[in-house]
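Take a look at the letters that make up each chain.
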Amino acid sequence: MKRILSLLVLMLTLSVFSIDLTEAIEKLDALSYKVERVFIEKLKDESVKLRFETVYKWGENKVVFVMSPEKIIWIRKDGQYWLGKDVLLYSPVDLKDLEDIAIEELESSDAKIKSSGEGYTITFKTDKGTFKITLDRDFRPVKIEREIMGIKMELDYKEYYDDVPSIKQVLKGLKLSDELAFPQEIGDILSMLSWFSISFEDGTIVVKGIFDGKLVSISISPKPHERFLKYGQIYINSSDEQILEELGLK
């Protein structure tokens, strides 16, 4: 009798906590929250990047305040994007964090969701890497992990707040501009990459990223430059011929 009761309890527990992937994605998309989180990126050369953020989300709308290492704000509101510091400039391309990328990839994957005493885990793999999403019982992210070509990323959600202000309250005092944050051509290049990192060298933007399963480097200049090719408003150079072909420069 005791064994039968134990089995019944287990079956009831599993039925209460069972959920399909479509429902989980819908709940993730609809979340509203305010959270403190830490983004960690470990590169193949063993260097580590940290970013501390305060994030507000209302369904599809999101405001991210990056507090460190450099203060910057980015906004997604009604399908439009802005980023900057004192004045936020209009972004000609979508802005996505690891949460957005993971959910987007999840929607086209054959992942399975697993229930545990603490919440849910979803592990899956696409051409944009291997992902693991850990959720609590309210379907709020606890940790999101991604690995692609030896580059490891973690997004740790440290503290959720009980009170979530409205987007109108959060945006109050922020200045949004119609001026472009960067030329559309730079957006086109970044959109081609599965992952990228940006640095500045002698007045040139250097983008290191993953394109078609390989690491590539692209140098971008706003002015004519020796060995650089004109691409719209900018000038670019890359040792990867496929990148140049994709942009119609070869």
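Cut-offs used in this document
Residues numbered from 1 in each chain as written. Predicted model: local features only at pLDDT ≥ 70, side-chain atom pairs only at ≥ 80, totals over all residues. Heavy atoms only, no water. Helix = DSSP H or I, 4+ residues; strand = E, 2+ residues; numbered from the N terminus. Buried < 20%, exposed > 50% of the residue type's maximum accessible area, 1.4 Å probe, protein only. Contact = heavy atoms within 4.5 Å. Areas by Shrake-Rupley, 256 points an atom, 1.4 Å probe, with all protein chains shown as cover. Lys, Arg positive; Asp, Glu negative; His and termini not counted. Charge placed at Lys NZ, Arg CZ, Asp CG, Glu CD. Axes fitted to C-alpha atoms, helices over the stretch in contact; angles between N-to-C directions. Parallel < 35°, antiparallel > 145°, perpendicular 65-115°, else oblique. Left-handed = near helix turned anticlockwise from the far one by under 90°. pLDDT = per-residue confidence, 0-100. Pairing = 2+ DSSP bridges. Salt bridge = Lys/Arg side-chain N within 4 Å of Asp/Glu carboxyl O. Polar contact = N/O pair within 3.5 Å; in protein donor to acceptor, adjacent residues only side chain to side chain.

K.L.:
Can you break down the overall build of the chain residue by residue, with the values?
P.N.:
When its secondary structure is counted, the chain shows six helices and 17 strands. C-alpha atoms of the chain, sized along the principal axes, occupy 85 × 45 × 30 Å. Burial status across the chain gives 44% buried among its 250 residues. Considering only contacts in the chain between residues 6 or more positions apart, those separated by 24 or more positions represent 44%. Surface accessibility of the chain: about 14,500 Å² in total, with carbon and sulfur atoms responsible for 52%. Charged side chains of the chain number 36 positive and 44 negative; the gap between the two group centres comes to 4 Å.

K.L.:
Lay out the packing of helix α2 (residues 21-30) against helix α3 (residues 98-107) in plain terms, naming residues and giving numbers.
P.N.:
Contact geometry for α2 and α3: axes closest at 11 Å, N-to-C directions at 150 degrees. When the interaxial angle is binned, α2 and α3 end up roughly antiparallel. The handedness of the crossing between α2 and α3 comes out as left-handed. Taking contact as the criterion, the partners of L21, I25, L28 and D29 in α2 are, on α3, I103, L106 and E107.

K.L.:
Go over the confidence of the model for the chain, please, and point to the residues and values.
P.N.:
Keep in mind that low pLDDT regions are not for reading the predicted coordinates in detail. Residues at a pLDDT of 70 or more form 93% of the chain, whose mean pLDDT is 90. Contacts from residues 5-17, a stretch scored under 50 in pLDDT, to residues over four places away or in other chains number three contacts.

K.L.:
Just give me the short version of α3, but keep the residues and values in it.
P.N.:
Counting buried residues along α3, eight of its ten residues qualify, which places the element largely inside the surrounding structure. Regarding α3, the residues found buried are L98, E99, D100, I101, A102, I103, E105 and L106.

K.L.:
Just give me the short version of the sheet that holds strand β12 (residues 175-180), but keep the residues and values in it.
P.N.:
An order of β7-β8-β9-β10-β11-β1-β2-β3-β4-β5-β6-β12 is seen for the twelve strands of this open sheet, with the pairing classed as mixed. A strand with exactly one partner marks an edge of an open sheet, and here the two such strands are β7 (112-115) and β12. On average, each strand axis in the sheet is inclined to that of its neighbour by 20 degrees, with strand direction left out of account. Relative to strand β8 (residues 119-126), β7 is paired through four bridges, and the arrangement is antiparallel. The residue bridging S115 from the neighbouring strand is Y120, located in β8. Across the face of the sheet, α2 comes into contact with β1 (32-42), β2 (48-58), β7, β8, β9 (129-136) and β10 (141-148) while running at roughly 85 degrees to β2.

K.L.:
Talk me through helix α5 (residues 184-191); I want residue IDs and the actual numbers.
P.N.:
Looking only at α5, the buried set comprises E185, I186, G187, I189 and L190. Elements that come into contact with the buried residues of α5 comprise β13 (195-201), β14 (204-211), β15 (214-221), β16 (229-231) and β17 (234-238).

K.L.:
An account of the side chain of R146 is needed here, citing residue identities and associated values.
P.N.:
Relative to the helices and strands, R146 is located in strand β10. The buried charged residue R146 lacks any salt bridge partner; its closest oppositely charged side chain belongs to E41, at an N-O distance of 7.1 Å. Separated by 2.9 Å, the side chain of R146 and the backbone oxygen of K128 make a polar contact. Of note is the side chain of R146, whose polar atom sits 2.8 Å from the backbone oxygen of S194.

K.L.:
Help me get a handle on the sheet that holds β16, residues and values and all.
P.N.:
Taken together, the five strands give an open sheet; going across it, the order is β13-β14-β15-β17-β16, and neighbouring strands pair in antiparallel fashion. The open sheet is flanked by β13 and β16, the only strands paired with a single partner. Pairs of neighbouring strands in the sheet enclose a mean axial angle of 30 degrees, with direction left out of account. In the sheet, β14 pairs with β15 via seven bridges, with the strands oriented antiparallel. Bridged to K208 within β15 is S217. Along the sheet, α5 contacts β13, β14, β15, β16 and β17; its crossing angle with β17, the most-contacted strand, is approximately 25 degrees.

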